[in-house]
Amino acid sequence: MRVNIKFTAKGKAAIENFNNEELLEIFARYIKTLTKKYDIEVDIPLEVNQNIVNDGTLVAMAQNVNCDADTFFKELSRDIKVPLKKRLGSKLENVFKTEFIE
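Residues numbered from 1 in each chain as written. Predicted model: local features only at pLDDT ≥ 70, side-chain atom pairs only at ≥ 80, totals over all residues. Heavy atoms only, no water.

Focus: the overall build of the protein
Moving on, step 1. For the protein, the helix and strand inventory stands at four helices and four strands.
Moving on, step 2. A compact globule built from 102 residues should have a C-alpha radius of gyration of about 13 Å, and the protein, at 13 Å, falls within 12% of that.
Moving on, step 3. Dimensions along the principal axes, computed over C-alpha positions, put the protein at roughly 35 × 25 × 20 Å.
Moving on, step 4. A burial count over the protein gives 40% of its 102 residues as buried.
Moving on, step 5. Long-range contacts, defined as pairs at least 24 residues apart, comprise 73% of the intrachain contacts of the protein with a sequence gap of at least 6.
Moving on, step 6. Carbon together with sulfur atoms contributes 46% to the accessible area of the protein, which is approximately 5,900 Å² in total. (Helix = DSSP H or I, 4+ residues; strand = E, 2+ residues; numbered from the N terminus. Rg over C-alpha atoms; globule rule 2.2 N^0.38 Å. Buried < 20%, exposed > 50% of the residue type's maximum accessible area, 1.4 Å probe, protein only. Contact = heavy atoms within 4.5 Å. Areas by Shrake-Rupley, 256 points an atom, 1.4 Å probe, with all protein chains shown as cover.)

In structure tokens form, the structure reads like this:
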């Protein structure tokens, strides 16, 4: 399943403080932590995530989904706020919205 992670206006402002490699590393780290709690495999393909800041979207591929994927990505959104908020220096609401494509 393809998952489009679309950053909100405040999320876009926050990710502008990072380069592409940093964003990929942050997402990979938090996804790895959450997959210990949820029965899901999530991969972030490099070839379609070359310019996350300009695109305003990150593409993830989820397979072997044996949990509520929406809940997984909502928790990921909450977790991702931590490093984004630190660099932005201000409060963040919703960082991104997810779009699931079968």
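Overview of the layout of surface pockets
Moving on, step 1. Roughly 170 Å³ of internal volume is contained in the largest pocket.
Moving on, step 2. The wall of the largest pocket is formed by Asp-70, Phe-73, Lys-74, Ser-77, Arg-78, Lys-81, Asn-94, Phe-96, Lys-97 and Thr-98.
Moving on, step 3. Taken together, the elements giving at least two residues each to the lining of the largest pocket come down to helix H4 (69-88) and strand E4 (96-101).
Moving on, step 4. Here the lining of the largest pocket takes six residues from H4, the largest share from any one element.
Moving on, step 5. Of the residues in the lining of the largest pocket, the class split is two nonpolar, three polar and five charged. (1 Å grid on protein atoms, 1.4 Å probe; cavity = no way out; pocket = protein on both sides within 12 Å on 5 of 7 lines; lining within 4 Å. Points joined across faces, edges and corners; volume = space filled by probe spheres on them. Nonpolar A, V, L, I, M, F, W, Y, C, P; charged D, E, K, R; others polar.)

Some remarks on the sheet that holds strand E3 (residues 57-63)
Moving on, step 1. The strand order across the open sheet built from four strands is E2-E3-E1-E4, with neighbouring strands paired in antiparallel fashion. Edge positions in the open sheet fall to strand E2 (41-43) and E4, since each of these has one partner strand only. Strand-to-strand twist across the sheet, computed as the mean angle between neighbouring axes with direction ignored, equals 30 degrees.
Moving on, step 2. Sheet analysis places E2 next to E3, joined by three bridges and oriented antiparallel. Across the sheet, the residue bridging to Glu-41 is Gln-63, located in E3. (Pairing = 2+ DSSP bridges. Axes fitted to C-alpha atoms, helices over the stretch in contact; angles between N-to-C directions.)

Re the pattern of salt bridges
Moving on, step 1. Counted by the stated rule, this structure contains seven salt bridges.
Moving on, step 2. In this structure, Glu-22 and Arg-87 form a salt bridge, with 3.4 Å as the shortest nitrogen-oxygen distance. Remark: Arg-87 occurs in helix H4 and Glu-22 occurs in helix H2 (residues 20-34); sequence separation between them is 65 residues.
Moving on, step 3. Judged by relative accessible area, which is 42%, Arg-87 ranks as partly exposed.
Moving on, step 4. Between Glu-75 and Lys-37 there is a salt bridge, and its shortest N-O distance comes to 3.1 Å. Placement of the pair is Glu-75 in helix H4 and Lys-37 in the loop between H2 and E2, with a sequence separation of 38 residues. (Salt bridge = Lys/Arg side-chain N within 4 Å of Asp/Glu carboxyl O.)

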